[in-house]
Amino acid sequence: MKLEDLRKIREKVKEEMRLREGKARVKIVIGMGTSGIAAGARETLKTFLEEIEKRNLKDVIITQTGERGLASKEPVVVIEETDKPKIIYGDVTPEVAKRIIVEHIINGIPVSEYVISTEK
Amino acid sequence: MDELSLHIIDIVHNSVSAGAKNIEVIIIENDKKDIISFEVIDDGKGMDEEILKKVTDPFFTTRDKKVGLGIPLLKQLAESTGGSFEIKSKLGEGTSLKVILPKSNPDIPPLGNLNDTILNLLFIEDSNIKIIYKKNNVEKVIDSKKIKEILGEVPLSNPDVIKFLKKYINSEFNLKEVNNET
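Peer 1: Lay out the interface of chain A and chain B with the relevant residues and their values.
Peer 2: Chain A puts 36 residues into the contact, and the matching count from chain B is 37 residues. A per-element tally of the side of chain A that touches chain B places helix α1 (residues 6–19) of chain A first, with 8 residues. A class-by-class count of the residues in the side of chain A that touches chain B yields 17 nonpolar, 8 polar and 11 charged.

Peer 1: I'd like a rundown of the sheet that holds strand β6 (residues 138–143) of chain B, residues and numbers included.
Peer 2: All names here are of chain B. Read from one edge of the open sheet, 6 strands run β3-β4-β2-β1-β5-β6, paired in mixed fashion. Strands at the two margins of the open sheet, each flanked by one partner only, are β3 (84–90) and β6. When strand polarity is set aside, the average angle formed by the axes of neighbouring strands in this sheet is 10 degrees. Pairing geometry for strand β2 (residues 35–42) and strand β4 (residues 94–102), over 8 bridges, is antiparallel. Counterpart to I35 in the pairing with β4 is P102. Sheet strands in contact with helix α3 (residues 70–80) are β3 and β4, and its direction is about 140 degrees off that of β3.

Peer 1: Could you give an account of the environment of G152 of chain B, with specific residues and numbers?
Peer 2: Residues and elements named next belong to chain B. Within the secondary structure, G152 is located in the loop between α5 (144–151) and α6 (159–172). For G152, a count of 10 C-beta atoms within 10 Å puts it in the exposed group. With 139 residues separating them along the chain, G152 and H13 place their C-alpha atoms 24 Å apart.

Peer 1: Explain the packing of helix α3 (residues 41–54) of chain A against α6 of chain B residue by residue, including any values.
Peer 2: Direction vectors running N to C along α3 of chain A and α6 of chain B enclose 120 degrees, while the axes themselves pass 8 Å from each other. Relative to α6 of chain B, α3 of chain A is oriented oblique. In this structure, α3 of chain A crosses over α6 of chain B, and the sense of that crossing is left-handed. Contacts between α3 of chain A and α6 of chain B involve L49, I52 and E53 of chain A from the former and P159, I162 and K163 of chain B from the latter.

Peer 1: Please set out the nonpolar core residue by residue, giving values where relevant.
Peer 2: A general feature of soluble globular proteins is that nonpolar side chains tend to end up buried together. Counting residues in each nonpolar core, the largest one holds 71 residues, and the members touching the most others are F48 and Y89 of chain A together with V12 and V25 of chain B. The element that contributes the greatest number of residues to this core is helix α1 (residues 4–17) of chain B, accounting for 7 residues. Non-local contacts of V25 of chain B, meaning those with residues more than four positions away in its chain, are made with I8, V12, F38, V40, I129, I131 and I132 of chain B.

Peer 1: Could you give an account of α3 of chain B, naming the residues involved and the relevant values?
Peer 2: Among the residues of α3 of chain B, G70, I71, L74, K75, L77 and A78 of chain B are the ones counted as buried. Projection of α3 of chain B onto a plane perpendicular to its axis shows the buried side chains occupying an angular sector of 160 degrees, all on one side. Exposed residues on α3 of chain B whose side chains face more than 90 degrees from its buried face are E79 and S80 of chain B. Those residues of α3 of chain B that are buried lie in contact with α2 (34–38) of chain A together with α1, β3 and β4 of chain B. Note on α3 of chain B: the residue one or two positions beyond its end, G82 of chain B, has a positive phi of about 80 degrees.

The rules behind these values
Residues numbered from 1 in each chain as written. Chains lettered and ligands numbered in written order. Predicted model: local features only at pLDDT ≥ 70, side-chain atom pairs only at ≥ 80, totals over all residues. Contact = placed C-beta atoms within 7 Å. Helix = DSSP H or I, 4+ residues; strand = E, 2+ residues; numbered from the N terminus. Nonpolar A, V, L, I, M, F, W, Y, C, P; charged D, E, K, R; others polar. Pairing = 2+ DSSP bridges. Axes fitted to C-alpha atoms, helices over the stretch in contact; angles between N-to-C directions. Buried ≥ 20, exposed ≤ 12 C-beta atoms within 10 Å, placed from the backbone. Parallel < 35°, antiparallel > 145°, perpendicular 65-115°, else oblique. Left-handed = near helix turned anticlockwise from the far one by under 90°. Core = buried A, V, L, I, M, F, W, Y, C linked by C-beta atoms within 7 Å. Arc of directions from axis to C-beta.

Listed below in C-alpha cells is the structure:
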C-alpha cells in the first residue's frame, strides 16, 4: 500500500465535494488534554472515526482541542452544527460516541443524559 | 496513564498548544540496550528559563484551563524507574522533550496501541506531525504534512480517507513484521 494511492481517493472525494458544494454540516471537537487522554479520549476519537467511515458520513469533520477545564467529565466532546447551538457532551466513552453519531448527528436528537451544557 | 503512547499524545498536544506548526515524534525501542525512548521536538513559542524550571512542577501551567500534570507525571516515571528525562526550550524557537526508560522495568507501562496513537496524531489539523518509529534495526516514518499535501482541500475525516489511513498505518506499522525483521 502506497501513500500515493491517496491521490486517487482525493480526486474521487473532490468530485463528491463539488456536487454538494463542499460544506461540512457537523464539526466534532474532541478534548485531548491530559485528563481527557487519561480518561480514554483516544478511543473516543477512534470510535467517531470508525462510525464516520462505517456510516459513510461525508459532511462531518473531526478536530481536537486541549483541556476545557471539565476534568471530571472527560472525555469531553463538542458538537457544532450550522445554525444550531454548540452542544457539549461529557463522559463520552466509545459507546456514548456511537449514540451521539446515530441519535444526534444522523437523527438530530441530542443524547440528553450526557449533555453538560449548550453554547450559542 | 497505562500506555506510553498516551503520554506521547499528551506531550504532542502541549506542543500544539504552544503554537507549533511542525512537530517531530521519535520513538525508539531497543531490546539489546533494554531501552524505550521517545522525543517530541517542536517549533512552538518555546519557554524562557524561568518557566522551563517550573514546567515539571505539578499544577504549574501556562494555559488558563489546563491542569499541568502531564509533564510532571512523565518526569516522575522516568526518575522512579532509573530512566532519564530532559526538556530543552528556547523562547521563540521551540521545545524538545526526551524520555529514556528501561524497557524491562515492570513499572514502565507498555508502548501500547501505536497504530491508534498515530491515527490520533494525524488528525491534529493545525500542526504537521512527523512520526519516526525505530525498533532495533527497522525504521518506519509517517508524515502528516505529506498526507495533507496530497489531500489538498479534501478533509482528513472523509470516510474514504479514514479507511485509507487506517489501512495505510496498519500496513506501514505492522509490528508483527517489524518484530520478524529483528
